Amino acid sequence: MRKFTALLFCLFVINMGCSTGSMENENVLNDDETESIVSEVVESKGEDEIEEVEVDNEERSDEIEVAAVPKYKLNPTNFLIQPREEGVNEKVVLLTIDDAPDQYGVKMAEILHDLDVNAIFFMNGIFINKGSGKEQLKQIHELGFEIGNHTMTHKNLSELSPEEQRKEIIDLNDLIEEITGERPRFFRAPYGANTDVSKQVVEAEGMQWMNWTYGYDYFPEYMDAESLAEQMVNSELLMNGANLLMHDRKWTMEALRDIVKGLKDKGFDIVDPKEIK
């Protein structure tokens, strides 16, 4: 009987849908016509053969991606991550990885995914367009990581014309959207060289630009996993809301687990970029 009721309900919805389109529509079924159609279907098919219309709320809820509530904001002066309201945990850090997807970006994403922490992967167009770069970008995105814009060619924007700067940013947004279906929300200029033009473009694109609090994996003395992890966790610049800069590098990949563990051991949570607005 539940199947019969479901069918009747579907016909009722169709009837109502037609009614809302035009109250004068002569093709709208009246109650007698609806009952007649249902009777004919039951007689010809049999109640047991009528397709059951059910919604398993528990299963469907698992399929619906719930957007993260924005709990944090980016301080435009020092690029620290700060709570938007009282009661939100202040002892957090943001992980960011530049120059992806070069060689180790996917592996780094897999490590972070295994550790159940998120990060922003700032992408360069030159790496996306090289070799398996498009597939690597897709893999990182499908693992749930935020994809940021780090320009097409990693040139110093302050040395480019206004039109060249626009292309560096917008062309990469277009490329990333083509592959992932989403335009980046965050922008980081190579070398931290933001310009008035780049800021205008970023604003027009609805993005946030950011630099960082500290990073060490581009200094020769920290180009090994042990020393890098030690410095990232014990830096005097580590503070609430710190914006940590790392790169798609072998030694950074090898240090990543120890960096995350060390930060957590010090009581820091890793903020999900999706919670930043």
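Look a little higher up for the structure.
Residues numbered from 1 in each chain as written. Predicted model: local features only at pLDDT ≥ 70, side-chain atom pairs only at ≥ 80, totals over all residues. Heavy atoms only, no water.

A.B. asks: Help me understand the overall build of the chain, please; the structure alone is not making it clear to me.
C.D. replies: On a plain count of helices and strands, the chain comes out with ten helices and ten strands. For the chain, buried positions account for 44% of its 277 residues. In the chain, the share of contacts with a sequence separation of at least 24, taken over all contacts with a separation of at least 6, comes to 72%. In the form shown here, the chain has an accessible surface area of approximately 15600 Å², with 48% of it arising from carbon and sulfur atoms. (Helix = DSSP H or I, 4+ residues; strand = E, 2+ residues; numbered from the N terminus. Buried < 20%, exposed > 50% of the residue type's maximum accessible area, 1.4 Å probe, protein only. Contact = heavy atoms within 4.5 Å. Areas by Shrake-Rupley, 256 points an atom, 1.4 Å probe, with all protein chains shown as cover.)

A.B. asks: Help me out: how do you make sense of helix α10 (residues 250-265) in this one?
C.D. replies: Side chains of residues three or four places apart in an α-helix project in the same direction, reflecting 3.6 residues per turn. The first and last C-alpha atoms of α10 sit 24 Å apart over 16 residues, in line with the 22 Å expected at 1.5 Å per residue. At L256, α10 is deflected by roughly 45 degrees, the largest bend along its length. Tucked into the core, α10 has its buried residues touching β3 (92-100), α4 (105-114), α9 (225-234), β9 (242-247) and β10 (269-270). Where α10 ends, the next residue or the one after it, G267, has phi of about 90 degrees, a positive value. (Expected span 1.5 Å × (residues − 1). Bend = angle between axes of the 7 residues up to and from the residue.)

A.B. asks: I keep staring at the packing of aromatic side chains and nothing clicks. Help me out?
C.D. replies: By convention here, two paired aromatic rings are described through the distance between centres and the angle between planes. Taken as a whole and assessed by the stated rule, the structure comprises five aromatic pairs. With 5.5 Å between their ring centres and 45 degrees between their planes, Y214 and Y216 make a pair best called tilted. Residue Y214 shares its accessibility class with Y216, and that shared class is buried. When the ring of Y216 is compared with that of Y222, the centres are 5.4 Å apart and the planes differ by 70 degrees; the resulting orientation is edge-to-face. Here Y216 and Y222 have matching classes, each one buried. (Phe/Tyr/Trp six-rings, centres within 6.5 Å; stacked < 30°, edge-to-face > 60°.)

A.B. asks: Could you clarify how one ought to interpret unusual backbone geometry in this entry?
C.D. replies: Peptide bonds are trans in most cases, and residues, glycine excluded, mostly fall at negative phi. For the bond running from A100 to P101, omega is -10 degrees, close enough to zero to count as cis. Position of P101 among the secondary structure elements: in the loop between β3 and α4. Positive phi, normally seen in glycine, also occurs at F79, with a value near 65 degrees. Residue position: F79 is located in the loop between β1 (72-74) and β2 (81-83). Even without being glycine, D99 reaches a positive phi, approximately 60 degrees. Residue classification places D99 among the buried residues on the basis of a relative accessible area of 8%.

A.B. asks: Explanation requested: the packing of helix α7 (residues 162-180) against helix α8 (residues 196-204) in the structure shown.
C.D. replies: Two quantities define a packed helix pair, namely the angle between the axes and the distance from one axis to the other. Between α7 and α8, the shortest axis-to-axis distance is 9 Å and the interhelical angle comes to 40 degrees. Classed by the angle they form, the pair α7 and α8 counts as oblique. The crossing of α7 and α8 is right-handed. Mapping the contact onto sequence places P162, Q165, R166, I169 and I170 in α7 and V197, S198, V201 and V202 in α8. Of the residues assigned to the contact of α7 with α8, the class counts are six nonpolar, two polar and one charged. (Axes fitted to C-alpha atoms, helices over the stretch in contact; angles between N-to-C directions. Parallel < 35°, antiparallel > 145°, perpendicular 65-115°, else oblique. Left-handed = near helix turned anticlockwise from the far one by under 90°. Nonpolar A, V, L, I, M, F, W, Y, C, P; charged D, E, K, R; others polar.)

A.B. asks: I would appreciate a short explanation of the packing of α4 against helix α6 (residues 133-142) in the present structure.
C.D. replies: Axis separation between α4 and α6 bottoms out at 9 Å; the angle between their running directions is 10 degrees. By the angle class used here, α4 and α6 are roughly parallel. Touching G105, V106 and A109 of α4 are Q136, Q139 and I140, all from α6. Split into classes, the residues belonging to the contact of α4 with α6 amount to three nonpolar, three polar and no charged.

A.B. asks: Can you walk me through the pairing of β3 in this structure?
C.D. replies: Each regular strand carries side chains that alternate between the two faces of the sheet. For β3, a buried count of nine out of nine residues is recorded, marking the element as mostly surrounded by other parts of the structure. As judged from the two bridges shared by β3 and β10, these two strands associate in the parallel manner. What sits directly across from V93, in β10, is I270. Bridge analysis of β3 against β9 gives six bridges, and the strand direction is parallel. Counted as the bridge partner of L95 is L244 from β9. The pairing of β3 with strand β4 (residues 120-123) spans three bridges and is classified as parallel. Within β4, the position partnered with T96 by the bridge is I120. Following the backbone out of β3, through α4 and into the adjacent parallel β4, one traces a crossover that is right-handed. (Pairing = 2+ DSSP bridges. Right-handed = clockwise from strand over helix to strand, strands pointing away.)

A.B. asks: What exactly am I supposed to notice about the pairing of β9 here?
C.D. replies: When you tally the buried positions in β9, you get six out of six residues, the bulk of the element. Residues A242, L244 and M246 point to one face of β9 and N243, L245 and H247 to the other, with burial holding for every one of them. Both strand β8 (residues 214-215) and β9 contribute to a ladder of two bridges, which runs parallel. Of the residues in β9, the one forming a bridge with Y214 is L244. Regarding topology, α9 serves as the crossover connection from β8 to the parallel β9, and that connection is right-handed.

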